[in-house]
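# Chains, contacts and geometry: an overview
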Amino acid sequence: MSPASSQSSLALVPRPRFSTRVLEKLQIFEDTCAYQIENRAYECLVVDRLTGASQVRRSNPASQSAGSGCTSTWGRILEATTPAHGTGVRTKFAKPQESKVLFPAMNTPLKLLIVEDSPLDAQILVHRLESFGYAPAWERVDDQTGLREALDRQSWDIVLCDYAMPRYNGLDALQTIRTVSPDLPVILVSGTIGEDVAVEAMRAGAYDYLLKDRLARLGAAVQRSLEEAKHRRERRRSEERLRLLFHAIEHSPASIVITDPSGRIEYANPRFTQDSGWSLEEVRGQNPRLLKSGAMSPAEYTRLWKTILAGGEWRGEFCNRKKTGELIWESAAVSPVRDIRGRITHFVKVAEDITHRKQTDEAFRRLDAQLRRAQKMEALGEMAGGIAHDFNSYLGAIVTNLQLARTGLDPNSQTGEYLDRAASASRQAAGLARQMLSFSRRDESQRRLVPLGSVVLETLRLLEASLPPGVDCAIDIPTAGRAVLADASQVQQAVVNLWTNACHSFQGRKGRITVSLADVDLDASEIAQYPGLSAGPYVRLTVRDDGCGMDPEVREQIFEPFFTTKPEGQGTGLGLSVVQTIVTSHRGAAMVESWPGQGTAMHLLFPAESAGSATMSAAMPRPDVPLPLGSGELIMLVDDHALIQDAMRTLLEQLGYRVRVFANPLQALNSFRMETDDYDLVLTDLSMREMNGAELAREVLAIRPTVPVVVSSGYDLPGLYQCVRELGIREVLAKPVERDRLAVALARALGRTDSNDEPAQGI
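What comes next is a walk through the structure. (Residues numbered from 1 in each chain as written. Predicted model: local features only at pLDDT ≥ 70, side-chain atom pairs only at ≥ 80, totals over all residues. Heavy atoms only, no water.)

Right, let's talk about unusual backbone geometry for a bit. Among all residues except glycine, the phi angle is most often negative; among peptide bonds, the trans geometry is most common. At R587, a position not held by glycine, the phi torsion is positive, near 65°. Relative to the helices and strands, R587 resides in the loop between α17 (575-585) and β18 (589-594). Taking relative accessible area as the criterion, R587 reaches 51% and is therefore assigned exposed. (Helix = DSSP H or I, 4+ residues; strand = E, 2+ residues; numbered from the N terminus. Buried < 20%, exposed > 50% of the residue type's maximum accessible area, 1.4 Å probe, protein only.)

In the structure shown here, the tally under the stated rule is six aromatic pairs. Between F132 and Y134 the ring centres are 6.0 Å apart and the planes differ by 25°, which places this aromatic pair in the stacked class. Among the residues examined, F132 registers a relative accessible area of 5% and is labelled buried. One aromatic cluster is present, built from ring pairs that chain together Y301, W314 and F318. Taking NZ or CZ as reference, R232 lies 4.2 Å from the ring centre of Y207, over its face. Stacked on the ring of W278, the Lys or Arg K323 has its end atom at 5.4 Å from the ring centre. (Phe/Tyr/Trp six-rings, centres within 6.5 Å; stacked < 30°, edge-to-face > 60°. Lys NZ or Arg CZ within 6 Å of the ring centre and 35° of its normal.)

A few words now on the pairing of strand β9 (residues 265-268). One ladder, built from three bridges, connects strand β8 (residues 255-259) with β9; its direction is antiparallel. When the bridges of β9 are listed, I258 appears paired with Y267. Here β8 folds back onto β9 in antiparallel fashion, the turn holding five residues, of which G263 has a positive phi close to 100°. (Pairing = 2+ DSSP bridges.)

This brings us to a positive patch on the surface. Together, K230, R233, R237 and R241 line one region of the surface with positive charge. The residue R241 is located in helix α8 (residues 218-250) in this model. (Patch = residues over 30% accessible without salt bridge, like charges linked within 9 Å, V, L, I, M, F, W, Y side chains within 5 Å. Areas by Shrake-Rupley, 256 points an atom, 1.4 Å probe, with all protein chains shown as cover. Salt bridge = Lys/Arg side-chain N within 4 Å of Asp/Glu carboxyl O. Lys, Arg positive; Asp, Glu negative; His and termini not counted. Charge placed at Lys NZ, Arg CZ, Asp CG, Glu CD.)

The next subject is the pairing of strand β6 (residues 186-190). β6 sits mainly inside the fold: five of its five residues count as buried. In β6, alternate side chains face the same way, and those of V186, L188 and S190 on one face and I187 and V189 on the other are all buried. Note: strand β5 (residues 158-162) against β6, four bridges, orientation parallel. The residue of β6 that forms the bridge with C161 is L188. For the segment spanning β5, helix α6 (residues 170-180) and β6, crossover handedness is right-handed. Strand direction decides the pairing type here: β6 and strand β7 (residues 208-211), joined by four bridges, are parallel. Among the inter-strand pairings, S190 is bridged to a residue of β7, identified as L211. (Right-handed = clockwise from strand over helix to strand, strands pointing away.)

Taken N-terminus to C-terminus, the directions of helix α5 (residues 144-153) and α6 make an angle of 25°; their axes are 11 Å apart at the nearest point. On the basis of the axis angle, α5 is roughly parallel to α6. As for the relative orientation of α5 and α6, their crossing is right-handed in sense. Contacts between α5 and α6 pair Q144, L147, R148, L151 and D152 from the former with A173, T176, I177 and V180 from the latter. (Axes fitted to C-alpha atoms, helices over the stretch in contact; angles between N-to-C directions. Parallel < 35°, antiparallel > 145°, perpendicular 65-115°, else oblique. Left-handed = near helix turned anticlockwise from the far one by under 90°. Contact = heavy atoms within 4.5 Å.)

With that settled, consider the nonpolar core. With 37 residues, the main nonpolar core has L452, V456, I513, V515 and L604 as its most contacted residues. At the level of secondary structure, the elements contributing two or more residues to this core comprise α14 (452-463), β15 (480-486), α15 (488-504), β16 (511-522), β17 (536-545), α17, β18 and β19 (600-615). Ranked by residue count, the leading element in this core is α15, at seven residues. Beyond its immediate stretch of four places on either side in the chain, L604 contacts A494, L498, V539, R540, L541, V579, V583, A589 and A590. Formed by 23 residues, the second largest nonpolar core is a distinct cluster that contains V186, L188, A201 and M202. (Core = buried A, V, L, I, M, F, W, Y, C linked by side-chain atoms within 4.5 Å.)

Here we take up the pattern of salt bridges. What the rule picks out here adds up to 26 salt bridges. Residue D208 is joined to R224 by a salt bridge in which the shortest nitrogen-to-oxygen separation is 2.5 Å. With D208 in strand β7 and R224 in helix α8, this pair connects stretches of sequence that are 16 residues apart. Of the two residues examined, D208 and R224, each falls in the buried class. With a closest N to O distance of 3.1 Å, R232 and E228 form a salt bridge. You can see R232 and its partner E228 sitting in helix α8, four residues apart, about one turn around the helix. According to the relative accessible area criterion, E228 is buried, its value standing at 7%. One connected set of salt bridges, linked through shared partners, spans E116, D121, D162 and K212.

This is how it looks when you write it as structure tokens:
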């Protein structure tokens, strides 16, 4: 029998099981006789492991030159699969990139699981791997239960599985292995195989397929399968990392945009869509400049591109515009992405929406500015309080001297008229002093039943000189009208603020300011436009101008504190806010009517009292009854202002009293101790440096509890009256002190008038 016919019969007849030595000799015989069969045509099964496609390739002996050695298809198969022949063709399930078999180091550890019903065949497989250089630690199983237990017991490097076993099928075993350990490489080994079975096995996940009578390439197949399994695990880990990264990007709270090197958008995550309002389909291929708002300078964009094109990372803030036109602030980082050659292939922008933070920072900035203004105003208020006290003291001297000068003059004389005007101006100055005290929180609102017309007219006389050039004033205030319960100084402050705003509205143009006062009755239907008011009688004060007017947006904010349309440094934004506070505290309401180019009308409503109408009084009213005069009683006058001392001494002497003046309260106290019974009344200023009036009164009353004590103060505090009266003080006079009130207060303190007479505090 020739070698060729022997080879042919081996391929057609199932190979019997031989001993290990016989099998080795038979394999050597096959290897040495391989070159003798090159003149015959043989078929080779080639399977693409990735796609599962199969193809049977037939050798063409005619295309091979004679005497070329092992160059036929069969020869190439042997070269590719037999370790003794180095480099070979890429066939017989070999990966396309593999063309060389590299032997592992000797005694390379290998955890081997063999699924085989024949112990002898298992030993042959182990022997082949040992001759290749591996040192297998192996275990054999022959059924599904044993396979399951082996897989659960430990991890394995590779599985060699017989295809046909009495109790188990190689494909079933492959499925079990794939279920438990997807990355574990499996090589099927069988005596015979058909093309359909091989394709099915490769598709099921087998790494390779070997015939038991062709085990010469077992070592190379195991080596290649281990490497491929390693690559698959690395690829799986890479895919898992990519999947996790993609999940993180898709669900990231930051907006992520990826562009190509020219800046065209290739990808944007859902957060970008949420923040910007643009979908990925709308921005793909677009340049990010479509998000520009114009709030950032071109120089900043130039710096960005210069940084990232140089390979650096740019960090900063963007002010972009949403699809809706709304502005959005982002804190962003833009960096380049490089390929394995170092070339920039993409740019990635990661941005966080900081719009709320920017708005919060801006709100804090405004609050900080308001706090600084408030602290400044508080400091000014402290200073204003001290100034107002001294101012009231000097005003007291002025008013007292005016009253002294008015005494004895003809009521209709020109000089008397001048003095009355000076007295009226002094009262206005006293009102401004009370405003300063209110500003410093050292004064509390004192409301009395007053005719609103007289208060407004008196204020307008002082404001008339402040009219801008080309602007005139029209006044429509009736001589008689309803009385309101109001603090005259606060009403004056409201009028001043409305007047100031009206003057600013002309902006250098000509025009007119109209101030009017009217009694109105609001019914249920009319009161709806004034929240918080109830139907009834009111007095309406209107300040109207034909200036620039206001648009609706400005009109809605004019009563907000610190809101102003004036340039920086030309307004505090408190004027109308103060006006609204004043009117609201009087249980009234403020309303504005204004349109651009049509002027503005400010309406203030004050609830009228049921006392009826009140006629405007003269600047300095004179009682019809004579003043109560003294009978030579000795009064201790204590005041540290020299002008007050002289004026009050003269006034008290004109009222029929004897006066002993002290500038130092300690000297006055010593004098009182020495001459306790000589003094009939003590008149002292409340605020003095060495000892205040309350302390002096306490010491004096401790010496002689029955002596009448009257105090005067530049701080007009209603709470002060109750406090000092608890000390035993009879009367409290607010500076500047007028003659009539002083006379009544002294007479009442000495017990010569009815205690139900008008109280002395106030002007």
